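This is what each chain is made of:
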Amino acid sequence: MSSYNENTKGRSPRLPKLWESILTFVLLIAVMAVGIIVFETDPHVPMFIGVISAAVMALILGYRWEQIEQFMVTGISRAMPSIMILIVIGILIGVWIVAGVVPTMIYFGLKLLSPSIFLVAALLICSITSLATGTSWGTMGTMGLALIGIAHGLGIPAAAAAGAVISGAYFGDKMSPLSDTTNLAPAMSGTNVFSHIRFMMLPTTITYGICLIFFAVLSFRYSQGLGNASISSVEMISNGLKNNFNVNPLLLLPPIIVIIAVIKKIPALPGIVLGILSGAVLGMILQRGDCTLGDILNCGMNGFTSETGVASIDKLLSTGGINNMLFSVSLTIISMMFGGIMEETHQLDVIVDKVLKLVKSDGGLVALTEATCLASNATMPEQYISIVVPGRMYAKSYEERGLSPTTLSNALENSGTVTSALVPWNTCGAFIKTTLQISTVQYLPFAIFNYLMPIVNIALAYAGITVADSNGKRKRSFRKS
């Protein structure tokens, strides 16, 4: 795009003043709070009002409408990978349900898991799946969906199960070299992905250990007093699944194929498509005429409607399809319209420049970086932007302090990636609500990995343990801390 002076008449755009940038954010946050908390509306229109406020401020700053429109398009283009994954996962969920893949996973899970170990098993299963695939969304949309169904059968609160699923999915997402965010964070800071993963090991291991203890205690607590009621519920759901689907171990192949495809470094989208195709073929073979090609096409678009007569099964399995993902897709588009304007007009930069003057220590810089990631997830609600924008903002500050870029990438990943699930109107929060059918408010107390990870990292940063010099040497070793 040509420079402003070559394409416009009149005054050139100027940098925003501090109060102008703050005003834009205050308007967005106020509208979001009133719309979601007071009127309990969906976040889309409040977010669009935020887009309007950002656009008006851009006009005041001297940008022409043609430029502002391009900023929005640029923002949306950055989210296209997320949008494509949303659509494909929507198809996958619909196809896997009608084909019997998800019902089979639930059925065998009910046979193998017990309340006393369920939450720990859910955490480990989703951690391994996400590590292997590099996608928290894919993990939650497949393994997570099945585990929520098993939780219903075992009499374990769905919110607690969702917390274990989300914690495991985001652990794998932030530690897998196959993950977009795990590659994006070091790219923004100027390091390589393997140095980045090694540096994250210590704070992540500490946080994960706390999660294991937390969910082990919860599992034991929930297992008390369930007894026959739990067994009866398990039998009811198991029988309901077996009476309405042909449960066959062969239907466990599609998720295995997806994991193997990604391990073999097949790109994520083709790997997920292999899961869709294998599920569709096996479903048409094994479901005895209840899964035709027409059913596959319809459920891929509109989702599956369960009519088993068992309320818990029908609620759980009536989901999937592209249409059920349009909530998240449309929110992603509107969110990135806002994010594109805010980044290109530098409205966030002036706030950060002011705050940086208050930072006196390396730990303070890490804390500020993580706080900015969280603020980005809340105000420019897209996971990628919460890594890209703060990464661009603070890279120079870390360099001027003589800090390794792994210190920055670690801070970006430990807040930008994981806190996205804690914001209801963030694209990740919206995806979780759509997929697991549990609101953010319900699962928030149990998503312990997601809110504990940034806290642990900040504490270790102030101790000098997650702060490294330009040579990559930690300022203080764990033993000396």
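Scroll up to find the structure this text is about.
From a predicted model like this one, the values you see are computed outputs, not experimental measurements.

What counts, and where the lines are drawn
Residue positions are given per chain, counted from 1 along the sequence in the order it is written. A pLDDT threshold of at least 70 governs which residues receive local features in this predicted model, and a stricter bar of 80 or more applies before side-chain atom pairs are shown or counted, although totals over entire chains, interfaces and linings include all residues. Excluding hydrogens and water, the side-chain values take into account all heavy atoms of the structure. Under the scheme used here, helices are H or I runs from DSSP no shorter than 4 residues and strands are E runs no shorter than 2 residues, and both carry numbers assigned from the N terminus. Here the globule rule is a power law, 2.2 Å times the number of residues to the power 0.38, and the radius of gyration is based on C-alpha atoms. Here's how the labels work: a residue is buried when its accessible area is under 20% of the maximum for its type, exposed when over 50%, partly exposed in between, all with a 1.4 Å probe on protein chains only. Note on definitions: a residue-residue contact is assigned when non-hydrogen atoms from the two residues lie within 4.5 Å. Residue exposure ignores everything except the shown protein chains as possible cover, and the areas themselves are Shrake-Rupley values with a 1.4 Å probe. Only four residue types enter the charge count, namely Lys and Arg as positive and Asp and Glu as negative; His and the chain termini do not. Every charge is mapped onto a representative atom, which is NZ of Lys, CZ of Arg, CG of Asp or CD of Glu. We define the bend at each residue as the angle formed by axes fitted to the 7 residues ending at it and the 7 residues starting at it. Residues adjacent in sequence count toward polar contacts only when both atoms are side-chain atoms; beyond that, a polar contact is any pair of N or O atoms within 3.5 Å, and within protein one must be able to donate a hydrogen and the other to accept it. Counting rule for disulfides: a pair of cysteine sulfur atoms within 2.5 Å. We define a nonpolar core as any set of buried Ala, Val, Leu, Ile, Met, Phe, Trp, Tyr and Cys residues linked to one another through side-chain atoms lying within 4.5 Å. Each axis is a line fitted through C-alpha atoms, taken for helices only over the stretch in contact, and angles between the N-to-C directions span 0 to 180 degrees. Should an angle lie under 35 degrees it is considered roughly parallel, over 145 roughly antiparallel, and from 65 to 115 roughly perpendicular; all remaining angles are considered oblique. For a crossing to be left-handed, the near helix must be turned anticlockwise from the far one by less than a right angle; the clockwise case is right-handed.

**Here's the deal with the overall build of the protein chain**
Reasoning step 1: A count of helical and extended segments in the protein chain gives 24 helices and 0 strands.
Reasoning step 2: At 23 Å, the protein chain has a C-alpha radius of gyration in line with the 23 Å of a compact globule built from 481 residues.
Reasoning step 3: Taken over the C-alpha atoms alone, the protein chain extends approximately 70 × 60 × 45 Å along its principal axes.
Reasoning step 4: Relative to its 481 residues, the protein chain shows a buried fraction of 58%.
Reasoning step 5: Sequence separation of at least 24 residues holds for 79% of the intrachain contacts in the protein chain that already meet a minimum separation of 6.
Reasoning step 6: Total accessible area on the protein chain is roughly 19,500 Å²; 66% of this is exposed by carbon and sulfur atoms.
Reasoning step 7: Charge-centre separation for the protein chain: the mean point of 28 positive side chains lies 10 Å from the mean point of 24 negative side chains.

**Considerations on helix H11 (residues 193-223)**
Reasoning step 1: The sharpest bend along H11 measures roughly 45° and falls at Met201, with the proline Pro203 sitting one to four residues further on.
Reasoning step 2: The N-terminus of H11 is capped by Asn192, whose side-chain oxygen sits 3.1 Å from the backbone nitrogen of Phe194.

**A short note on the state of the cysteines**
Any covalent bond linking the sulfur atoms of two cysteines counts as a disulfide.
Reasoning step 1: On inspection of all chains with the given rule, the structure shows 0 disulfides.
Reasoning step 2: Cys126 supplies the cysteine sulfur nearest to Cys211, a cysteine that is in no disulfide, at a spacing of 13 Å.
Reasoning step 3: No disulfide involves Cys373; its sulfur sits 13 Å from the nearest other cysteine sulfur, which is in Cys428.
Reasoning step 4: A relative accessible area of 0% means that Cys373 is categorised as buried.

**With respect to the side chain of Thr204**
Reasoning step 1: Mapped onto the elements, Thr204 comes out in helix H11.
Reasoning step 2: When sequence neighbours within four positions are dropped, the list of residues in contact with Thr204 reads Phe171, Lys174, Met175, Asn414, Phe449 and Met453.

**What to know about the nonpolar core**
Reasoning step 1: Core analysis: the biggest nonpolar cluster contains 92 residues, and Phe118, Leu119, Ile166, Tyr170 and Leu317 have the highest contact counts within it.
Reasoning step 2: With 48 residues, the next largest nonpolar core counts Ile68, Phe338, Tyr398 and Ala461 among its residues.

**Describing the packing of helix H9 (residues 158-175) against H11**
Reasoning step 1: For the pair H9 and H11, interaxial distance at closest approach is 11 Å and the crossing angle is 165°. On the basis of the axis angle, H9 is roughly antiparallel to H11. Handedness of the H9/H11 crossing: left-handed. Here H9 contributes Ala160, Gly163, Ala164, Ser167, Phe171, Lys174 and Met175 to the contact with H11, which in turn contributes Ile197, Met200, Met201, Thr204, Tyr208, Phe215 and Tyr222.

These figures capture arrangement, not role.
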